[in-house]
Every structure is written in structure tokens, then in C-alpha cells.
Amino acid sequence: MIVKDTARGRLGKAIAWDGETRTVTLVPPDGNGPLWEAAAFRPANESKERP
């Protein structure tokens, strides 16, 4: 699943979820590059404003 790291404004492919810390581990969408963790994120196709 592609998500948007809303704190950094970057897209990434979710590869792991840590329920204890509520963070997702992301890798660039093409799968190449360094991993990073995000605590503020949303699905890439979801608008910023939710009803």
C-alpha cells in the first residue's frame, strides 16, 4: 500500500506496522532507497480533509 508521510510530505510503500509505537515503516515507492518510519500518515489517495 502506498501512503503519504504527512509530516515529511513524502510518498512511500508501507512494508511494516508497529502497533506498539503506532508507526509504519516505509520505503520509496519504487522500492529503492532508505527505509524510514512515520507516525503521521494516510493513504496516498485519501484527501487531506475528511468528513
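1. Considerations on the overall build of the protein
From N to C terminus, the protein includes 0 helices and 5 strands. In the protein, the succession of helices and strands from N to C terminus is β-β-β-β-β. Against the compact-globule benchmark of 10 Å for 51 residues, the protein has a radius of gyration of 11 Å, which places it among compact chains. Overall, the protein is about 35 × 25 × 15 Å in size when its C-alpha atoms are taken along their principal axes. When the 51 residues of the protein are sorted by exposure, 24% land in the buried category.

2. Thoughts on the packing of aromatic side chains
Enumeration according to the criterion identifies 1 aromatic pair in this entry. Ring centres of W17 and F41 lie 6.0 Å apart, and the angle between their planes is 75°; this geometry places the pair in the edge-to-face category. Of this pair, W17 sits in strand 2 (residues 10-18) while F41 sits in strand 5 (residues 41-43), and the two are 24 residues apart along the sequence. Note on F41: relative accessible area 31%, which makes it partly exposed. In this structure, R10 packs its charged tip against the face of W36, placed 3.7 Å from the ring centre.

3. Remarks on the nonpolar core
Within the largest apolar cluster, 5 residues are counted, these being V3, V24, L26, W36 and A38. Where this core is concerned, the elements lending two or more residues are strand 3 (23-27) and strand 4 (36-38). Discounting residues that sit within four places of it in the chain, V24 has contacts with A14, A16, W17, W36, E37, A38 and F41.

The rules we used
Residues numbered from 1 in each chain as written. Predicted model: local features only at pLDDT ≥ 70, side-chain atom pairs only at ≥ 80, totals over all residues. Heavy atoms only, no water. Helix = DSSP H or I, 4+ residues; strand = E, 2+ residues; numbered from the N terminus. Rg over C-alpha atoms; globule rule 2.2 N^0.38 Å. Buried < 20%, exposed > 50% of the residue type's maximum accessible area, 1.4 Å probe, protein only. Phe/Tyr/Trp six-rings, centres within 6.5 Å; stacked < 30°, edge-to-face > 60°. Lys NZ or Arg CZ within 6 Å of the ring centre and 35° of its normal. Core = buried A, V, L, I, M, F, W, Y, C linked by side-chain atoms within 4.5 Å. Contact = heavy atoms within 4.5 Å.

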